[in-house]
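# Summary of the model geometry
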Amino acid sequence: MQSANMLLRKIVRSSALPFAAQHGMKKNLFLLSRTLSLSLCLKQDKSCEPSEKLDLDEWKKVMKSGLQEEVSETVSEPKELSSLAAARETLEMWRLAGRAVPEKMSEDQLKTFMECPSKSAKKKYLKFLHLKELYKKNDKRKAEEKREKKLEAQDQASKTDEIKKSPFVCLWSSTMDKAYNWRAAQSMIFGQPLVFDMSYEKEMSVREVTNTVRQLVLSESCNRRSVDPFHIHFCNFKDDSLYEREFIKHYGEAWNKLLITVTDQCYTEIFPKDKLIYLTADSPKVMKTFDHDKIYIVGSMVDKSIKTGVSLARAKRLGLETAALPLEKYLLWNTGAKNLTLDQMMHILLTLKDTADWKKALEFVPKRKYCGFVNKPVKELKKTLDLINTLKLGKGREKLEKQFVKNYPKRYKLKQK
């Protein structure tokens, strides 16, 4: 009997150990072997007795319930892992199918994906994560581009500083400044005067005054760099005005060293009225040629609301001659007002003074305001426009002419003449 028990124990150990290793069972291994050995011994003892029968089904149920209780703790973790792996596989399948799926997902996101009630909800959740990932990538790319641009700007600034510090460039800039200043000084003695009327401060807002000063600074620098500069006069310029404050902001200490004439007197007190011409877009007279003996006046005004007739009224009040640039004569005007900025006026007057060519001068007009230059004379263009109108109207035009003849016969005869 003892030898039989020993053999049973060896068999049970040899059969139970690999089974336990496969299923992760290490606890109560000896208890299982003991129960198996005892049950086998009981079988042998009871088999000798013919009256008693062994119920194998009940024994299997007891053994299975014991194994399930012991193995349930170890099996719960692999089930979760297997479900996460299945979710990852489905995600890869959807990605291969070309659906909007994020590249990386955390375990929490996978769990929420598994908890979604329907397939459409899962798709929406994955699309949301995909868009979120794309936004993050975009932000990173933009940040990298900004960083690269900043580094490039720093490199360029360092290079420009090195170039500026070079002795040759410093010498060149200083000599050019001296040459420009020498020309401006000569223009103050021998140059043609150009007047800027500074009496429009009350009719402008603070922002408009700052814009006028910026344009005047640009026009002064353009005049100083030209071959034959004007002698600039700032007339009606009051001390401690908004104009002066803005000029000091731009120029600083160089404001008192500028080679221009600044005075609080009116231009009628300095120059004779016969030589003065006020340039305004509202003038009925058109400027045909540039006169080197005349003194042109430009109103220092930038008006966003386009106050028509202000400069024209001022010129008439003073009894001065007015003129407008021949924009319609040389340009096919498209849209917008015919008022130009002060620096554009300076460019136009300088080119007229040097070349006397209107086409070259009017190239400084903004190209958004006109379609192109006029190649044919204006009379021919009017004829073509009349032909186009007649073709458009057709019979309706003839009816209107007949009605006009009936109603106004005298005017029709005058037109024919």
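It should be emphasised that the depicted structure is a prediction, and the values quoted were computed from it without experimental measurement.

## As for the overall build of the protein
- Looking only at helices and strands, the protein features 16 helices and eight strands.
- Each of the 417 residues in the protein was classed as buried or not, and the buried ones make up 30%.

## Description of a negative patch on the surface
- The grouping of E144, E148, E152 and D155 at the surface amounts to a negative patch.
- Topologically, E148 is positioned in helix 5 (residues 119-165).

## Overview of a positive patch on the surface
- On the surface, K104, K132, K136 and K140 cluster together to form a positively charged patch.
- Tracing the chain through its elements places K140 in helix 5.

## Some thoughts on the packing of helix 7 (residues 206-225) against helix 12 (residues 342-355)
- Direction vectors running N to C along helix 7 and helix 12 enclose 25°, while the axes themselves pass 7 Å from each other. In this view, helix 7 runs roughly parallel relative to helix 12, as classed from their interaxial angle. Like other packed secondary-structure pairs, helix 7 and helix 12 cross with a definite hand, here right-handed. Across from T212, Q215, L216, L218, S219, C222 and N223 in helix 7, the residues of helix 12 making contact are L342, D343, M346, H347 and L350.
- Split by residue class, the contact of helix 7 with helix 12 holds six nonpolar, five polar and one charged.

## Remarks on the sheet that holds strand 4 (residues 276-279)
- In spatial order, the strands read 3-2-1-5-4-6; together these six strands make up an open sheet with parallel pairing. One side of each edge strand has no neighbouring strand; the edge strands of this open sheet are strand 3 (261-262) and strand 6 (321-323).
- Across five bridges, the pairing between strand 1 (residues 193-197) and strand 2 (residues 231-235) is parallel. Within the sheet, the bridge partner assigned to D197 lies in strand 2 and is C235.
- Lying over the sheet, helix 12 contacts strand 1, strand 2, strand 4 and strand 5 (295-299), oriented at roughly 165° with respect to strand 1.

## Side note on the nonpolar core
- If you look at the biggest cluster of nonpolar residues, it comprises 59 residues, and the most contacted ones within it are F196, F234, F247, Y267, M287 and V365.
- When residues in this core are grouped by element, the largest group, seven residues, is from helix 12.
- If we ignore the near neighbours within four places in the chain, the residues touching M287 are L279, Y296, A323, A324, L325, P326, L352 and W358.
- Counting residues in hydrophobic clusters, the runner-up holds ten residues, among them A87, L110, F113 and L126.

## What to know about the pairing of strand 1
- For strand 1, the buried fraction is high: five of the five residues fall into the buried class.
- Taking every second residue as pointing to the same face, both faces of strand 1 are buried, with P193, V195 and D197 on one and L194 and F196 on the other.
- Note that the unit made of strand 1, helix 7 and strand 2 has a crossover that is right-handed.
- Taken together, the four bridges between strand 1 and strand 5 define a ladder with parallel strand orientation. Bridging from a neighbouring strand, V195 pairs with I297 of strand 5.

## Concerning the side chain of D197
- As for its position among the elements, D197 is in strand 1.
- Separated by 2.8 Å, the side chains of D197 and S199 make a polar contact.
- Residues contacting D197, with those up to four places away along its chain left out, are C235, N236, Y267, Y278, I297, V298, G299, S300 and R314.

## Thoughts on the confidence of the model for the protein
- Of the residues in the protein, 65% reach a pLDDT of 70 or more, and the chain-wide mean stands at 75.
- Here helix 2 (residues 29-48) stands out as the least confident element of the protein, with mean pLDDT 46; strand 4 is the most confident, with 94.
- For residues 16-54, every residue scores under 50 in pLDDT, and the model assigns this stretch 34 contacts once sequence neighbours within four places are set aside.
- The model gives residues 70-77 a pLDDT under 50, and that stretch makes eight contacts with residues more than four places away or in other chains.

## Focus on the packing of aromatic side chains
- This structure, assessed with the given rule, holds 13 aromatic pairs.
- Here the aromatic rings of F234 and F237 are separated by 6.4 Å at their centres, their planes lie at 20°, and the arrangement is stacked.
- Centre to centre, the rings of Y267 and Y278 are 6.3 Å apart; their planes meet at 65°, and the pair counts as edge-to-face. Of this pair, Y267 sits in helix 9 (residues 267-270) while Y278 sits in strand 4, and the two are eleven residues apart along the sequence. For the pair formed by Y267 and Y278, the shared burial category is buried.
- Among the aromatic residues, those joined into a cluster by ring pairs are F196, F234, F237, Y243, F247, Y251 and W255.

## Topic: the packing of helix 7 against helix 8 (residues 242-251)
- As a packed pair, helix 7 and helix 8 sit with axes 10 Å apart at the nearest point and diverge in direction by 50°. Of the possible angle classes, the one that applies to helix 7 and helix 8 is oblique. The two elements helix 7 and helix 8 cross, and the hand of that crossing is right-handed. Along the contact surface, helix 7 presents V206, V209, T210, T212, V213, R214, L216, V217 and E220, while helix 8 presents L242, Y243, E246, F247, H250 and Y251.

## Details of the environment of L318
- Here L318 lies in helix 10 (residues 310-318).
- The spacing of L318 and T268 is 50 residues in sequence and 8.1 Å in space, taken between C-alpha atoms.
- Residues contacting L318, with those up to four places away along its chain left out, are Y267 and K273.

## As for the pattern of salt bridges
- Under the defined criterion, the tally for this structure stands at seven salt bridges.
- A salt bridge links R245 to D240; its shortest N-O distance comes to 3.7 Å.

## Re the side chain of S300
- Examined against the element boundaries, S300 turns out to sit in the loop between strand 5 and helix 10.
- Here S300 is in contact with F196, D197, M198, Y200, M204, T212, L216, Y243 and L342, once residues within four sequence places are set aside.

Reading the values: the criteria
- Sequence order sets the numbering: in each chain, residues are counted from 1 along the sequence as written.
- In keeping with the model being predicted, local features are shown solely for residues with a pLDDT of at least 70 and side-chain atom pairs are shown and tallied solely at 80 or more, while totals for entire chains, interfaces and linings include all residues.
- Think of the side-chain values as coming from all heavy atoms in the structure, minus any hydrogens and water.
- Strands here are runs of E lasting at least two residues and helices are runs of H or I lasting at least four, both read from the DSSP assignment and numbered beginning at the N terminus.
- Burial status follows relative accessibility: with a 1.4 Å probe on protein chains alone, a residue under 20% of its type maximum counts as buried, one over 50% as exposed, and anything between as partly exposed.
- Put simply, a patch holds well-exposed residues, over 30% relative accessible area, that have no salt bridge, with like charges counted together within 9 Å and Val, Leu, Ile, Met, Phe, Trp or Tyr side chains within 5 Å.
- Method for areas: the Shrake-Rupley scheme with a 1.4 Å probe, in which residue coverage is limited to the protein chains shown.
- Here, a salt bridge means any side-chain nitrogen of Lys or Arg that lies within 4 Å of a carboxyl oxygen of Asp or Glu.
- Residues scored as charged are limited to Lys and Arg (positive) and Asp and Glu (negative), so that His and the chain ends carry no count.
- By convention, the charge on Lys lies at NZ, on Arg at CZ, on Asp at CG and on Glu at CD.
- Lines fitted to C-alpha atoms define the axes here, with helix axes fitted over just the stretch in contact, and angles between the N-to-C directions of these axes take values from 0 to 180 degrees.
- Reported orientations rely on four angle classes, namely roughly parallel under 35 degrees, roughly antiparallel over 145, roughly perpendicular from 65 to 115, and oblique for the rest.
- Crossing handedness: left-handed means the near helix sits turned counterclockwise from the far one by under a right angle, and right-handed means the same turn made clockwise.
- Residue contacts follow a heavy-atom distance rule, with two residues in contact if any of their heavy atoms lie within 4.5 Å.
- Residues are sorted three ways: Asp, Glu, Lys and Arg are charged, Ala, Val, Leu, Ile, Met, Phe, Trp, Tyr, Cys and Pro are nonpolar, and all the rest, Gly among them, are polar.
- The pairing criterion is simple: DSSP has to find at least two bridges between the two strands.
- The definition of a nonpolar core used throughout is a set of buried Ala, Val, Leu, Ile, Met, Phe, Trp, Tyr and Cys residues joined through side-chain atoms within 4.5 Å.
- Place the viewer so that the strands point away; then a crossover is right-handed whenever the path from the first strand over the helix to the second strand goes clockwise.
- Pairs of N or O atoms within 3.5 Å make up the polar contacts considered here, provided that, within protein, one atom can donate a hydrogen while the other can accept it, and that residues adjacent in sequence are counted only when both atoms are side-chain atoms.
- Confidence of the predictor at the level of single residues is captured by pLDDT, which takes values from 0 to 100.
- In summary, the pairing rule links any two rings of Phe, Tyr or Trp, Trp by its six-membered ring, whose centres are within 6.5 Å, and it sorts them by plane angle into stacked for under 30 degrees, edge-to-face for over 60 and tilted for everything else.

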